[in-house]
Amino acid sequence: MTLRYGIIGWPVAHSKSPEMHNAGFKELKIDACYERFAVEPVNLAKQVSVFKEFLSGWNVTVPHKTAIIDFIDVLDPVAEAAQSVNTVVNSGGKLYGYSTDGYGLQRAVEEAFNFSFVGKHILFIGAGGAVQAAAVQFAQANCRKITILNRTLENAQKVAAMIHHLLPNFEVSVGCIEAELDDAKSVDLIIQGTSVELKGDAKIEFAFEKYRKDCVCMDMIYNFETPFLEGAKAHGMQTATGSEMLLYQGAKAFELWTKFKAPVSVMREALL
Ligand code: ATR
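Not measured: the values here are computed from a predicted model. (Residues numbered from 1 in each chain as written. Predicted model: local features only at pLDDT ≥ 70, side-chain atom pairs only at ≥ 80, totals over all residues. Heavy atoms only, no water.)

Visitor: I'd love a proper account of the side chain of T147, names of residues and values included.
Guide: Mapped onto the elements, T147 comes out in strand β8 (residues 145-150). By relative accessible area, T147 is classed as buried at 0%. Look past the residues within four positions of T147 in its chain and what remains in contact with it is H121, I122, L123, F124, S173 and L181. (Helix = DSSP H or I, 4+ residues; strand = E, 2+ residues; numbered from the N terminus. Buried < 20%, exposed > 50% of the residue type's maximum accessible area, 1.4 Å probe, protein only. Contact = heavy atoms within 4.5 Å.)

As structure tokens, this is what we get:
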């Protein structure tokens, strides 16, 4: 019997996940298919009870990543801390919830810069949903310190609380987006996680000169090189877009479902 998987979101038509996962299933000769399901927020509860009957697992995207938690039986600690689930495993009607978004970003950074997280100081610009999942994941990856700068200080504090929910003694510092850090020279990795430059009509002002040139810089925006990355490059930093983030969050979901190592090169090609 063909196993069925999918992605739920509202909207969901833009998602490239079906191409990526179907290519992975084909490569490993797994009899499975992956589809898009547009689920309106008001219908989430009703739809989840239907999906439980015929999907072996599914991805969750905006706006359901937090709301889906109500229907999960066993929540992974990272997903619980970040209050975000993007991958559901359906084991005979029992639902397991995971967040692979942070893992995806971690792998993308490791591969792009040959970067090890152990003992490092990481700076996030922004405090939205994607940053929440990533900050919790990075704290677990044994980095030394996380700093979060955001326009709304309360949202940065919320991310700090999420990290402390999982690791109470972890060193976290928060500030407003234009704050000057005393320890800027100790930052090893900068993650740009705001939507400011998404539409191409606004720009983040950032004092790259206060940071080391061997600090590396990734933007969560994945489909083009942002002015932020151009600024980092002009300062001599190594940079990368977030394009591989999507690939590795998907690869991890694929592995949770199939228990096979994901064929990442085939999945990457399918995304492109
Ligand atoms: P996602 O869930 O995709 O990460 P989000 O939750 O909408 O997106 O988060 C967007 C991020 O961009 C937030 O950090 C937001 O800052 P606030 O917490 O202050 O809202 C940030 N952001 C959006 N527009 C911004 C702007 N014009 N200037 C500065 N920060 C901005």
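Visitor: Report on the site of the ligand, specifying residues and quantitative values.
Guide: For the ligand, the full set of nearby residues is G126, A127, G128, G129, A130, N150, R151, T152, N155, T194, S195 and V196. In this structure, R151 approaches the ligand through a side-chain N or O atom, which is 2.9 Å from an oxygen atom. In the model, an oxygen atom of the ligand is placed 2.8 Å from a nitrogen or oxygen of the N155 side chain. About the coverage of the ligand: the protein hides 61% of its 640 Å² of free accessible area. Residues that form the shell around the ligand fall into these classes: 3 nonpolar, 8 polar and 1 charged. (Near = heavy atom within 4 Å. Polar contact = N/O pair within 3.5 Å; in protein donor to acceptor, adjacent residues only side chain to side chain. Areas by Shrake-Rupley, 256 points an atom, 1.4 Å probe, with all protein chains shown as cover. Nonpolar A, V, L, I, M, F, W, Y, C, P; charged D, E, K, R; others polar.)

Visitor: Explain the packing of helix α4 (residues 101-113) against helix α8 (residues 243-258) to me, and be specific about the residues and the numbers.
Guide: The relative placement of two packed helices is expressed as an angle between their axes plus a distance between the axes. Between α4 and α8, the shortest axis-to-axis distance is 7 Å and the interhelical angle comes to 125°. When the axes of α4 and α8 are compared, the pair comes out oblique. Crossing geometry of α4 relative to α8 is assigned as right-handed. Seen from α4, the contacting residues are D101, Y103, G104, L105, R107, A108 and E111; seen from α8, they are E244, M245, Y248, Q249 and K252. Residues that form the contact of α4 with α8 fall into these classes: 5 nonpolar, 2 polar and 5 charged. (Axes fitted to C-alpha atoms, helices over the stretch in contact; angles between N-to-C directions. Parallel < 35°, antiparallel > 145°, perpendicular 65-115°, else oblique. Left-handed = near helix turned anticlockwise from the far one by under 90°.)

Visitor: Give a detailed account of the pairing of strand β3 (residues 57-60), specifying residues and quantitative values.
Guide: Across the two faces of β3 the burial is the same, with G57 and N59 and W58 and V60 all buried. Of the pairings in the sheet, the one linking strand β1 (residues 3-9) to β3 comprises 4 bridges and is parallel in character. By the bridge assignment for β3, G6 is matched with W58. Pairing between β3 and strand β5 (residues 87-91): 3 bridges, direction antiparallel. The partner of G57 across the bridge, within β5, is V89. (Pairing = 2+ DSSP bridges.)

Visitor: Give me the sheet that holds strand β7 (residues 121-125): which residues, what numbers.
Guide: Taken in spatial order, the 6 strands line up as β9-β8-β7-β10-β11-β12 in an open sheet, and their pairing is parallel. Here the strands that pair on one side only, and so sit at the sheet edges, are β9 (171-176) and β12 (239-240). Sheet topology note: the strand β10 (residues 189-192)/strand β11 (residues 216-219) ladder contains 4 bridges and is parallel. Considered in β11, the bridge of L189 is made with V216. Of the strands in this sheet, β7, β8 and β10 are in contact with helix α5 (residues 129-140), which crosses β7 at around 175°. Packing against the sheet, helix α6 (residues 153-166) makes contact with β8 and β9, and its axis sits at approximately 170° to β9.

Visitor: Describe in detail the nonpolar core, supporting the description with residues and values.
Guide: One finds L105, V109, F124, F138, I146, L189 and I191 to be the most contacted residues of the largest nonpolar core, which totals 56 residues. Looking at this core, the element that brings in the most residues is α8, giving 8 residues. Leaving out residues up to four positions away in the same chain, F138 has contacts with G102, L105, Q106, F117, I122, F124, C143, I146, L189 and I191. Residues F206, C215, A232 and M237 belong to the second largest nonpolar core, which totals 17 residues. (Core = buried A, V, L, I, M, F, W, Y, C linked by side-chain atoms within 4.5 Å.)

Just distances and angles here, no functional claims.
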